[in-house]
Amino acid sequence: MGQNVTALEVRGNFDDCQRLVKQAFRDEAVTSRRRLTSANSINVARWLPQQVYYCYAVAQQQAGSAAPVVAVPSGNFGNLCAGLLAYTSGLPVGHFVAACNANDAVPAYLKSGSYSARWPWLPFPMPWT
């Protein structure tokens, strides 16, 4: 399109990609030549427009209905953060449910207090394991 986007494949998961993005932001050799921005969950600016999803969903409620319970499919919880931001801004939500699959590093951390990234679903070993 504008010749300013390059798609790259990374052997890993979202957290591996996130690490690379953060590393690029800290690299003065990169940032001195390029203006970087991020549209993923490490940028709160992504959460702002995502709040619209929650506002639209609540607007579908019938007048007088109880505040909805919202289930959010979650990996890194960025989308859930958008919902919580909408809630703290006054959106009437009764409760949030973060639905996780095998990528449950955040719930495991909340339960144990110890963070341990796991990749059981990958068909190849991670280089640092």
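Quick look at the structure, then. Here the structure is a predicted model, which is why all the values come from computation and not from measurement. (Residues numbered from 1 in each chain as written. Predicted model: local features only at pLDDT ≥ 70, side-chain atom pairs only at ≥ 80, totals over all residues. Heavy atoms only, no water.)

Let's talk about the overall build of the chain
Thinking step 1. When you go through the chain residue by residue, the secondary structure sums to 5 helices and 2 strands.
Thinking step 2. For the chain, the sequential pattern of α-helices and β-strands runs α-α-α-β-α-β-α.
Thinking step 3. Relative to its full complement of 129 residues, the chain shows a buried share of 22%.
Thinking step 4. Once local pairs closer than 6 in sequence are excluded, the contacts in the chain between residues at least 24 apart make up 57%.
Thinking step 5. Accessible area of the chain: about 9600 Å², with a carbon and sulfur share of 57%. (Helix = DSSP H or I, 4+ residues; strand = E, 2+ residues; numbered from the N terminus. Buried < 20%, exposed > 50% of the residue type's maximum accessible area, 1.4 Å probe, protein only. Contact = heavy atoms within 4.5 Å. Areas by Shrake-Rupley, 256 points an atom, 1.4 Å probe, with all protein chains shown as cover.)

Quick word on the side chain of glutamine 51
Thinking step 1. For glutamine 51, the location among the structural elements is in helix H3 (residues 44-59).
Thinking step 2. Residue class for glutamine 51 comes out buried when judged on its relative accessible area of 13%.
Thinking step 3. Not counting chain neighbours up to four residues away, the residues in contact with glutamine 51 comprise Ala82, Leu85, Ala86 and Ser89.

Some thoughts on the packing of aromatic side chains
Thinking step 1. As enumerated under the stated definition, the model contains 2 aromatic pairs in all.
Thinking step 2. A ring pair is formed by tyrosine 54 and phenylalanine 96, whose centres lie 6.1 Å apart and whose planes are at 65 degrees; its orientation type is edge-to-face. Taken together, the positions of tyrosine 54 in helix H3 and phenylalanine 96 in strand S2 (residues 95-99) put the pair 42 residues apart, joining distant regions of the chain.
Thinking step 3. Seen in terms of ring centroids, tyrosine 87 and phenylalanine 96 are 6.3 Å apart; in terms of plane orientation they differ by 90 degrees. Their pairing is edge-to-face.
Thinking step 4. One aromatic cluster is present, built from ring pairs that chain together Tyr54, Tyr87 and Phe96. (Phe/Tyr/Trp six-rings, centres within 6.5 Å; stacked < 30°, edge-to-face > 60°.)

Details of the nonpolar core
Thinking step 1. Counting 11 residues, the largest nonpolar core consists of Tyr54, Val58, Val70, Val72, Phe77, Leu80, Ala82, Ala86, Leu91, Val93 and Phe96.
Thinking step 2. Every element with two or more residues in this core is listed here: H3, strand S1 (69-73) and helix H4 (78-88).
Thinking step 3. Looking at this core, the element that brings in the most residues is H4, giving 3 residues.
Thinking step 4. Residue contacts for phenylalanine 96: discarding those within four places in its chain leaves Tyr54, Val70, Val72, Leu80, Gly83, Leu84 and Tyr87. (Core = buried A, V, L, I, M, F, W, Y, C linked by side-chain atoms within 4.5 Å.)

A few points about the environment of leucine 48
Thinking step 1. Within the element layout of this structure, leucine 48 appears in helix H3.
Thinking step 2. Classification of leucine 48 as partly exposed rests on a relative accessible area of 48%.
Thinking step 3. Along the backbone, leucine 48 and leucine 85 are 37 residues apart, and their C-alpha atoms lie at a distance of 8.1 Å.

Let's talk about the pairing of S1
Thinking step 1. Burial along S1 is one-sided: Val70 and Val72 are buried, while Val69, Ala71 and Pro73, pointing the other way, are not.
Thinking step 2. Note: S1 against S2, 5 bridges, orientation parallel. Along S2, the bridge assignment pairs valine 70 with phenylalanine 96. (Pairing = 2+ DSSP bridges.)

So, the packing of H3 against H4
Thinking step 1. As a packed pair, H3 and H4 sit with axes 8 Å apart at the nearest point and diverge in direction by 70 degrees. What the angle tells us is that H3 and H4 run roughly perpendicular. On H4, the residues that touch Arg46, Trp47, Leu48, Gln50, Gln51 and Tyr54 of H3 are Gly78, Asn79, Leu80, Cys81, Ala82, Gly83, Leu85 and Ala86.
Thinking step 2. Of the residues contributing to the contact of H3 with H4, the split by class is 8 nonpolar, 5 polar and 1 charged. (Axes fitted to C-alpha atoms, helices over the stretch in contact; angles between N-to-C directions. Parallel < 35°, antiparallel > 145°, perpendicular 65-115°, else oblique. Nonpolar A, V, L, I, M, F, W, Y, C, P; charged D, E, K, R; others polar.)

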